[in-house]
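# Structural overview for review
Here's the letter readout for the chains.
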Amino acid sequence: MDIDSIVHSITSQNDLRENIVIDCGHTTIFSSHDGYSFGIQGEPSPTEILTFRLGVALHDALKRHNKNVSINLYLSDLIGIKGGNNERRKITQDIEHLQRAAYIPAAYQNILAASEIPLEKVAIHLQSNGNHHFKKIMRRARSGIEHLKSTNQNYIDEVFKKTNSLFLSTEDQGMFSLTTPYLFDTDDEDSYFGGSWWKNNENQIRQSDLENCPLARLKKNPVINLYETGGRVLCPATYGGLLCQFDNSVDHIAIYARADDEFIGEKVYRGVISANVLIENFSRNCVQIIINKDELIEHTFFEKGLIGRSSMDSMKFTDQIQNMLHNNNMKII
């Protein structure tokens, strides 16, 4: 893993704008009478520290390329905050008032200090806030679809024209999901694998394949599940919730490791696509750097507007996804 080659790839191939946020992975926060601890084992995992270190190194390198770069830390607060929403509000207020030392792991603070990055320059967001924001976005989207459905018999075409996507649910209406023509464009993957055999359920996509073909798992299962009835926000919506806490003045770089979560890459990719579809007027470039268990890099780039581009109409796309809907026991909302 070579930071210089990553920087060269980002700066030479991807048209990132001046303002960039680097999302250096995430870690879990726990509260107790002694204060706060981080990570399932009481401290961030070695790969959580690695992703943060890589993010800071990338921050320093992009600064040398005259980019206006900032660091973001996403804290998973859904299981470890004993004081509930009152404590979450206090954490948010402390962060807003630049009282951030208690909410940044000591190992991260050492990495920041080595690069002379002040703690007040680090953005910190809580997963619960992101989930709350994206849940409201999803509810508005579903409500809008249901309203259109009741007034326009061509509502599917109208939804598709607006979003370049179709929204799905299970037969019992227990899921809110989406799919888009981008997920069915597998020319690059077919070329790499020498055919379409890789899409068969019995064939597993290896991590070694993902270094060269990082979106293969995503396109093998081209449905993005976002929300389950009962209030369960799924992982792609969680990452979409992070993105919705920034505006279109910034581009994003996400750095995560598969050693912490085998499918973290797919969760982040799906979150970026969902943000493109659901966040109104979303217009940002998004880079994803996923580190596999051999510390090899998967590097992807979603150019702003990419997900909205398609020459396909709703009828043709509806026909194309029928087998997928049947196999997943789903239907168009």
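Conventions adopted
- Residues numbered from 1 in each chain as written.
- Predicted model: local features only at pLDDT ≥ 70, side-chain atom pairs only at ≥ 80, totals over all residues.
- Heavy atoms only, no water.
- Helix = DSSP H or I, 4+ residues; strand = E, 2+ residues; numbered from the N terminus.
- Buried < 20%, exposed > 50% of the residue type's maximum accessible area, 1.4 Å probe, protein only.
- Contact = heavy atoms within 4.5 Å.
- Areas by Shrake-Rupley, 256 points an atom, 1.4 Å probe, with all protein chains shown as cover.
- Pairing = 2+ DSSP bridges.
- Axes fitted to C-alpha atoms, helices over the stretch in contact; angles between N-to-C directions.
- Phe/Tyr/Trp six-rings, centres within 6.5 Å; stacked < 30°, edge-to-face > 60°.
- Lys NZ or Arg CZ within 6 Å of the ring centre and 35° of its normal.
- Arc of directions from axis to C-beta.
- Parallel < 35°, antiparallel > 145°, perpendicular 65-115°, else oblique.
- Nonpolar A, V, L, I, M, F, W, Y, C, P; charged D, E, K, R; others polar.

This paragraph deals with the overall build of the chain. Of regular secondary structure, the chain possesses 13 helices and 12 strands. Projected onto the principal axes, the alpha-carbon positions of the chain cover approximately 55 × 45 × 35 Å. The buried share of the chain, taken over its 333 residues, is 52%. Contacts in the chain between residues at least 24 apart in sequence constitute 72% of all its contacts with a sequence separation of at least 6. Carbon and sulfur atoms make up 45% of the accessible area of the chain, which amounts to about 16,000 Å² in all.

What the five strands build is an open sheet, ordered β8-β7-β6-β5-β12; its pairing is antiparallel. This sheet does not close on itself; its edge strands, each paired only once, are β8 (232-233) and β12 (330-332). Taken together, the four bridges between strand β6 (residues 175-179) and strand β7 (residues 224-228) define a ladder with antiparallel strand orientation. Within the sheet, the bridge partner assigned to Ser177 lies in β7 and is Asn225. The strands touched by helix α10 (residues 235-243) within the sheet are β7 and β8, with β7 carrying the most contacts at an inclination of about 90 degrees.

The subject of this paragraph is the packing of aromatic side chains. Taken as a whole, this structure holds 11 aromatic pairs when the rule is applied. On the numbers, 5.5 Å between centres and 80 degrees between planes, the contact of Phe193 with Trp197 is edge-to-face. Among the aromatic residues, ring-to-ring pairing joins Tyr192, Phe193, Trp197 and Trp198 into one connected group. The positively charged end of Lys219 is found above the aromatic ring belonging to Tyr182, 4.9 Å away from the centroid.

Before going further, it helps to examine helix α6 (residues 155-163). Owing to its 3.6 residues per turn, the α-helix brings residues three or four apart onto one side. Along α6, the residues classified as buried are Tyr155, Val159, Phe160 and Thr163. Down the axis, α6 shows its buried residues gathered within 135 degrees of arc, on one side only. Where α6 is buried, its residues contact α5 (127-151), β5 (166-170), α11 (264-278) and α12 (314-320). Positioned one or two residues after α6, Asn164 has a phi angle of 55 degrees, which is positive.

What follows concerns α10. Counting buried residues along α10, eight of its nine residues qualify, which places the element largely inside the surrounding structure. Among all positions in α10, only Pro236, Ala237, Thr238, Tyr239, Gly240, Gly241, Leu242 and Leu243 are buried.

All right, on to the packing of α5 against α10 then. Two elements in contact, α5 and α10, have axes separated by 7 Å at closest approach and are oriented at 100 degrees. Here α5 is positioned roughly perpendicular relative to α10, judged by the angle of their axes. Residues Gln127, Gly130, Asn131, Phe134 and Met138 of α5 lie in contact with α10, whose contacting residues are Ala237, Thr238, Gly240, Gly241 and Leu242. Residues belonging to the contact of α5 with α10 are distributed by class as follows: four nonpolar, six polar and no charged.

Our next topic: the pairing of β7. Bridging between β7 and β8 involves two bridges; their strand directions are antiparallel. Within the sheet, the bridge partner assigned to Tyr227 lies in β8 and is Val233. The hairpin turn running from β7 into β8, its antiparallel successor, is three residues long, and Gly230 in that turn takes a positive phi close to 110 degrees.

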